[in-house]
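The residues making up each chain are set out below.
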Amino acid sequence: MTPAKNPLVAFGAGKVILLGEHSVVYGYPAIAGPLTIGVVARGMPSRSCVLDVPVTADAAQKRMMRKAFARAAKLVGEPKVKVTLEPQLPLSAGLGSSAALAVATSRVLLQAAGQAPTAKATARLAWEMEQEFHGTPSGVDHTTSAEEKLILYRRVQAPAGVTGRARELKSPRPVSVVVALAGARSPTKLTVGALRERQARWPERYKRLFGQVGRLVTDAAKAVEAGDLEGLGDAMNVNQGLLNALGLSSPALEDMVFRLRSLGALGAKFTGAGGDGGAVIGLFSEPEPVVARLTRDGVRCFASQLAGPRAQGDIP
Ligand code: MEV
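Calculation rules
- Residues numbered from 1 in each chain as written.
- Predicted model: local features only at pLDDT ≥ 70, side-chain atom pairs only at ≥ 80, totals over all residues.
- Heavy atoms only, no water.
- Helix = DSSP H or I, 4+ residues; strand = E, 2+ residues; numbered from the N terminus.
- Buried < 20%, exposed > 50% of the residue type's maximum accessible area, 1.4 Å probe, protein only.
- Contact = heavy atoms within 4.5 Å.
- Near = heavy atom within 4 Å.
- Polar contact = N/O pair within 3.5 Å; in protein donor to acceptor, adjacent residues only side chain to side chain.
- Areas by Shrake-Rupley, 256 points an atom, 1.4 Å probe, with all protein chains shown as cover.
- 1 Å grid on protein atoms, 1.4 Å probe; cavity = no way out; pocket = protein on both sides within 12 Å on 5 of 7 lines; lining within 4 Å.
- Sits in = over half its atoms within 2 Å of the grid points.
- Nonpolar A, V, L, I, M, F, W, Y, C, P; charged D, E, K, R; others polar.
- Pairing = 2+ DSSP bridges.
- Axes fitted to C-alpha atoms, helices over the stretch in contact; angles between N-to-C directions.
- Domains from an automatic or database assignment.
- Buried area = accessible area lost by both parts, 1.4 Å probe.
- Salt bridge = Lys/Arg side-chain N within 4 Å of Asp/Glu carboxyl O.
- Points joined across faces, edges and corners; volume = space filled by probe spheres on them.
- UniProt positions renumbered as here; feature names shortened; annotations may be inferred.

> I keep staring at the environment of isoleucine 151 and nothing clicks. Help me out?
Here isoleucine 151 lies in strand E5 (residues 151–155). Classification of isoleucine 151 as buried rests on a relative accessible area of 2%. Those residues within four positions of isoleucine 151 in sequence are excluded, and the remaining contacts are Ala30, Ile31, Ala32, Thr143, Thr144, Ala166, Arg167, Glu168 and Leu169.

Okay, structure coming up:
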């Protein structure tokens, strides 16, 4: 393999799950959309195929990143490129940083190996990396990042490399969320593992709850496509109640959910793995004043539009 001749640069978007996290692992649908921030990967010609891990990562994260990188690099013939990562997202906050990292890295590796970084090829390679990060992920995170659209996603048991089916959800109205960080976050592996134990012990009870979430997701997809933000928000609120029933919420997350609702959110819930802390989303028709207010109060937060028409001058 010849070394990459020019510097390469690629982006992997972070994500939020609008509804359906956790139950998506068990084959129920979820809705997820890309953030405008994520991870940038740069590739420089090098003597070997090597990853320069971000300084902000802790020792365990660095170990995992190197392992995931080696797995993906091997699959594309270890092109001679040094990949440097620049996360724009907080790592391990439930905002898909590992998927964004996997997608950005995969795009650089594919280009360095002389292959086109199509959404499909990128998703396939990123999936290999995601399995190192999360064990048995549903595939919703890296699919959202690779597709960069609001999608209705369902995991499928299929030939190697295909993890799920995604359909774009278009909305006639802007679907915008405020993302706020609350508490110290639990690792995804931990919350997913603990839920799996409860589910294995009381399968019928958990199947009923997952089924309820699945129905809400179907309702919410219809609401998105109809531009019914009130209906979408209500589905998000009920989803939060079910996530709590599944044992995945905490006082820090619940406090932020109620804070966003008190600021006028049409719906609010945690997004991602949940646990002791992490990211909470609120659906707002006008998110910017809410971000300004929360920032003044010392909350780490930002706004992101996931679908729908954009105001002129907005970054797509
Ligand atoms: C993590 O962002 C989402 C989970 O549903 C896990 C997964 O889908 O692999 C908690």
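> Whenever I open this one, the site of the ligand confuses me. Can you help?
As a matter of local geometry, the ligand sits amid Lys15, Ile17, Glu21, His22, Val24, Val25, Pro137, Ser138, Val140, Asp141, Gly272 and Ala273. Between histidine 22 and the ligand, the recorded distance is 2.9 Å, taken from a backbone N or O atom to an oxygen atom. Between the ligand and serine 138, the relevant distance is 2.6 Å, taken from an oxygen atom to a side-chain nitrogen or oxygen of the residue. Calculation on the ligand without its partners gives an accessible area of 300 Å², and the protein chains cover 94% of this total. Its atoms largely coinciding with the cavity grid, the ligand occupies the largest pocket. Counting only elements with at least two residues in the shell around the ligand, the list comes to strand E1 (8–19) and helix H4 (140–147). The residue makeup of the shell around the ligand, split by class, is six nonpolar, three polar and three charged.

> What's the story with the sheet that holds strand E8 (residues 267–271) in this structure? I'm lost.
Paired through backbone hydrogen bonds, the strands of a sheet run either parallel or antiparallel to each other. Sheet architecture is open: four strands sit in the order E8-E9-E7-E10, paired in antiparallel fashion. The two strands at the open ends of the sheet, each matched to only one other strand, are E8 and strand E10 (301–307). Each adjacent strand pair in this sheet contributes to an overall mean axis angle of 30 degrees, direction not counted. Contacting strand E7 (175–182), E8 and strand E9 (278–283), helix H7 (residues 229–245) crosses the sheet at an angle of about 45 degrees to E8. Sitting on the sheet, helix H9 (residues 287–296) is in contact with E7 and E10, with an inclination near 160 degrees to E10.

> In this structure, what is going on with the domain arrangement of the protein? I would like to understand it.
Interface size is commonly expressed as the accessible surface area that is lost when the partners come together. Along its sequence, the protein is organised into domain 1 (8–168) and domain 2 (175–307). Relative placement of domain 1 and domain 2: their C-alpha centres are 22 Å apart. Counting from both sides, the interface comprises 33 residues of domain 1 and, opposite them, 44 residues of domain 2. The junction of domain 1 with domain 2 conceals about 2900 Å² of combined surface from both sides, 68% of it contributed by carbon and sulfur atoms. Considering only the side of domain 1, the residues that lose the most area to domain 2 are Leu18, His22 and Tyr26, jointly responsible for 24% of the buried surface there. Where domain 1 touches domain 2, the interface holds two salt bridges. A salt bridge links arginine 167 to glutamate 225, with the shortest nitrogen-to-oxygen separation between them at 2.9 Å. At the boundary of domain 1 with domain 2, the tally comes to nine residue pairs in polar contact (both at pLDDT 80 or more). Elements represented by at least two residues in the side of domain 1 that touches domain 2 include exactly E1, strand E2 (30–45), helix H3 (119–134) and strand E6 (164–168).

> How do you make sense of the layout of surface pockets when you look at a structure like this?
In this approach a probe as big as a water molecule rolls over the atoms, and the regions it shows empty are the leftover space. Taken as a whole, the largest pocket encloses approximately 740 Å³ of empty space. Forming the boundary of the largest pocket are 37 residues, of which Ser98, His134, Arg185, Thr188 and Lys189 lie nearest the centre. For the lining of the largest pocket, the secondary structure elements donating two or more residues are E1, helix H1 (59–75), helix H2 (97–112), H3, H4 and helix H5 (188–201). Among the elements that take part in the lining of the largest pocket, H1 stands out by supplying four residues, more than any other. A per-class count over the lining of the largest pocket returns 16 nonpolar, 14 polar and seven charged. Residue assignment places the lining of the largest pocket across two domains, with domain 1 (8–168) and domain 2 (175–307) each supplying three or more.

> Could you clarify how one ought to interpret the UniProt feature "domain: GHMP kinase N-terminal" (unreviewed entry) in the protein in this entry?
In the numbering used here, UniProt assigns the "domain: GHMP kinase N-terminal" (unreviewed entry) feature to residues 69–144. Overall, residues 69–144 shows 58% helix and 9% strand. The separation of its end C-alpha atoms is 20 Å.

> Where do I start with H4 in this structure?
Think of an α-helix as 3.6 residues a turn; residues three or four steps apart then line up on the same face. H4 sits mainly inside the fold: seven of its eight residues count as buried. Buried within H4 we find Val140, Asp141, His142, Thr143, Thr144, Ser145 and Ala146. One or two positions beyond H4, positive phi appears at glutamate 148, with a value near 55 degrees.

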